[in-house]
Amino acid sequence: MSSNTLRQKQSGNIASGFEFVQTVAKVTGGTLLGITMLTSSIVAGGLVGLAISFRNLPDVRVLRTYAPTETTHIYGLKGDLLTSVHGEANREVVSLNRISPELKRAVLAIEDSHFYFHHGINPSSVGRAVKANWQKGDVVEGGSTLTMQLVKNLFLSHKRAFSRKVAEAVLAIRLEQILTKDQIMELYLNQVYWGHNNYGVETAAESYFGKSAANLNLAEASMMAGLIQAPEEYSPFINYKVAKQRQALVLSRMRELAWITPAQEAAARKQPLKLGKVTSFQTSQLPYVTDAVKQELIQRFGRDTVQKGGMRVQTTIDTKFQRMAEEFIAREHWRLQRRGLWKTELALVAVDPRTHFVKAMVGGSDYEKSQFNRAIQARRQPGSAFKPFVYYAAFATGRYTPYSTVYDTPVSYRDGDGWYRPRNYDNSFGGAMSIRAALEVSRNVPAVKLGRAVGLDKVIEVCRTLGIKSPMEPVTSLPLGAIGLTPLEMASAYATFAANGWQSDTTFIVQVTDTQGQVILDNTPKPKLVLDPWAAASMNSVLRSVVVSGTGKEAQIGRPAAGKTGTTSAERDVWFVGYVPQLSVAIWVGRDDNRRLAYGVTGGQYAAPIWRNFMYRALDGVPVEYFRPASDFKRPRRWNRG
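Read on for a plain summary of the structure. (Residues numbered from 1 in each chain as written. Predicted model: local features only at pLDDT ≥ 70, side-chain atom pairs only at ≥ 80, totals over all residues. Heavy atoms only, no water.)

1. Some remarks on the environment of valine 580
1) Next: Residue placement: valine 580 occurs in strand 17 (residues 573–580).
2) Next: Put simply, valine 580 and proline 353 are 227 residues apart on the chain and 8.8 Å apart in space, counted from C-alpha to C-alpha.
3) Next: Not counting chain neighbours up to four residues away, the residues in contact with valine 580 comprise Pro353, Ala498, Ile557, Arg559, Pro560, Ala561, Met615, Leu619 and Phe627. (Helix = DSSP H or I, 4+ residues; strand = E, 2+ residues; numbered from the N terminus. Contact = heavy atoms within 4.5 Å.)

Set out below in structure tokens:
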């Protein structure tokens, strides 16, 4: 029985077509395969002599463990794709059994229909190409098998030359000796370029038809197979008519091989095709977030690994919650403009104190106008929002309580060649008062005195414990926030107060897996008690007073909340950082040029209402929780400065 007759007889019985080709190879083992092997051996023997000059050819054995570069995907907390990260090659590797049989047959039909018969080179194709090249005096026809195409893409230049064709053939024969046909086919389909920065069949299928390669039908598969020779030239996105012509050519070839029936060919030609869209260069759904995630990944794994390692990254961000935060900041920005605060920018960071997962982060009013992420990149002076770190350090010594007396009286400190004389916002002094009262109305002089009494190095140590990494020096004005911190650092530090001293590493990432699904980064919260519980509870109590009856009264939300206003000298930055047990949020308002917002602007007047309005939305449906009182904990033993 001839092989052609066998093809005709079996075409209706082989479901996938791809398995059919393998079956033919086995059935004709004593006829066609034997002839092919003999001819291949003769040609290969001649190539061995030519290959003496190819002693420096690459070692194809490296392909036993070769993994193509692969695109990294970043997802929201609930699994929705936010963005993809890749270098030159946008690729997602899939196994052969996850590729449509229709596509495998279509590619074989147009590129190498004898793939499962030869051993790297196809003698009839090589002979035809040699004759054509001899007649033209140049390399005008390739005659390449799939295996030859693969080694060319992986190891060799694309310059047309006789020596390169010989190298292809030699490497192809070597490769067929170490990999199975299925392994070569899988590697080819994942390696080949399909146009528009899509490398590999999966990203190409997603781009051209908005579906996985496993789900391509005959019409879609035949069009994709027709693109391989010149992807951009034949692309349906560029010239749909030419793409249809290529599809027809592939379908015709499949019918000639009896891999499809004439009826299937006709149906596929007529079937309407719903094209997708180019996916390689799409922008992120949540750019402020994904930029921060990429930064965190690069710091941990390196840029090359992130762009080529095929990571699957689950973030801490709920897309719906993040979109709410972005829309909220855009509206608040508009309102500030209406109030005359021109060229103003805002930033927001929300951190869950129970996990230290970032729940929302907005780096500005409009990412399209400015990609500068003020939430994580802008170090701005926090002003009085820094004071809680000083007061916590005092409580942690055991020498102070919220009711300890401090003195709001004039004082001078030697500062270089001159003197530093701290003053209050209203240029007055209040005399003796409790720590609670001093923080409620945000008096500056008591904070400076207390910082000196506790030790500025101790204050810095507290900041480091709270996860603040920005540079700071033990200068006398440190307790008044005369250093630059980011909104992320502030929200994270206050989250540790909200958790009563318990802390995990603040992160945008829940988990990262590799291409095989193996976990390579697990950020499951591992809380550690880093603050004294009594001192943290005392701090919460005092900061509640700030909201109830102090400078943060505009932040009242109808449930227990704590926080602190911040206003810098010359009104360049205003803040409100506050929290409930379930959420810590930092709001910053300022100008990118660091100029004055307006005379008389304060954190209590401008930032606190923004915080309040956001918390109403963020806590909708969230049950009320209460802070634990300091009486639940043991006060630390008195600490004496050395």
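From this point, the narrative continues.
2. A look at the sheet that holds strand 5 (residues 312–315)
Backbone-to-backbone hydrogen bonds pair the strands of a sheet. The strands run either parallel or antiparallel.
1) Next: The strand order across the open sheet formed by 5 strands is 2-1-5-13-14, and the pairing between neighbours is mixed. Single-partner strands in this sheet number two, and they are strand 2 (81–85) and strand 14 (519–522). Direction aside, neighbouring strands of the sheet carry axes that sit 15° apart on average.
2) Next: By the bridge criterion, 4 bridges tie strand 5 to strand 13 (residues 509–513) in an arrangement that is antiparallel. The residue bridging glutamine 314 from the neighbouring strand is glutamine 511, located in strand 13.
3) Next: Packing against the sheet, helix 14 (residues 287–301) makes contact with strand 1 (72–75), strand 2, strand 5, strand 13 and strand 14, and its axis sits at approximately 55° to strand 13. (Pairing = 2+ DSSP bridges. Axes fitted to C-alpha atoms, helices over the stretch in contact; angles between N-to-C directions.)

3. A look at helix 16 (residues 319–338)
Helical geometry: 3.6 residues make up each α-helical turn, so side chains three or four residues apart lie on a common side.
1) Next: Taking 1.5 Å per residue as the helical rise, helix 16 with its 20 residues ought to reach 28 Å, and the 29 Å between its terminal C-alpha atoms agrees with that figure.
2) Next: Taken together, the buried residues of helix 16 touch strand 2, helix 14, strand 6 (344–351), strand 7 (358–362), strand 18 (583–591) and helix 23 (603–618).
3) Next: If you check the start of helix 16, you find a side-chain oxygen 3.0 Å away from the backbone N of lysine 320, and it comes from aspartate 318.
4) Next: Immediately beyond the C-terminal end of helix 16, within one or two residues, lies glycine 340, with a positive phi of roughly 95°. (Expected span 1.5 Å × (residues − 1). Polar contact = N/O pair within 3.5 Å; in protein donor to acceptor, adjacent residues only side chain to side chain.)

4. Description of unusual backbone geometry
1) Next: In this structure, lysine 343 takes a positive phi of about 60° despite not being glycine.
2) Next: Its location among the elements puts lysine 343 in the loop between helix 16 and strand 6.
3) Next: In this model, serine 442 sits at a positive phi of 60°, which is unusual for a non-glycine residue.

5. Observations concerning the pattern of salt bridges
1) Next: Taken as a whole, this structure holds 23 salt bridges when the rule is applied.
2) Next: Two residues, arginine 596 and glutamate 571, come together in a salt bridge whose shortest N-O distance is 2.2 Å. Of the two residues, arginine 596 is situated in the loop between strand 18 and helix 23 and glutamate 571 in the loop between strand 16 (562–567) and strand 17; the sequence distance between them amounts to 25 residues.
3) Next: For glutamate 571, a relative accessible area of 10% corresponds to the buried category.
4) Next: When the shortest N-O distance is used, the salt bridge between aspartate 593 and arginine 591 registers 2.7 Å.
5) Next: What makes arginine 591 buried here is its relative accessible area of 10%.
6) Next: One continuous salt-bridge network, built from bridges that share partners, spans Glu70, Glu92 and Arg312. (Salt bridge = Lys/Arg side-chain N within 4 Å of Asp/Glu carboxyl O. Buried < 20%, exposed > 50% of the residue type's maximum accessible area, 1.4 Å probe, protein only.)

Note that all results are geometric; they support no functional claim without further evidence.
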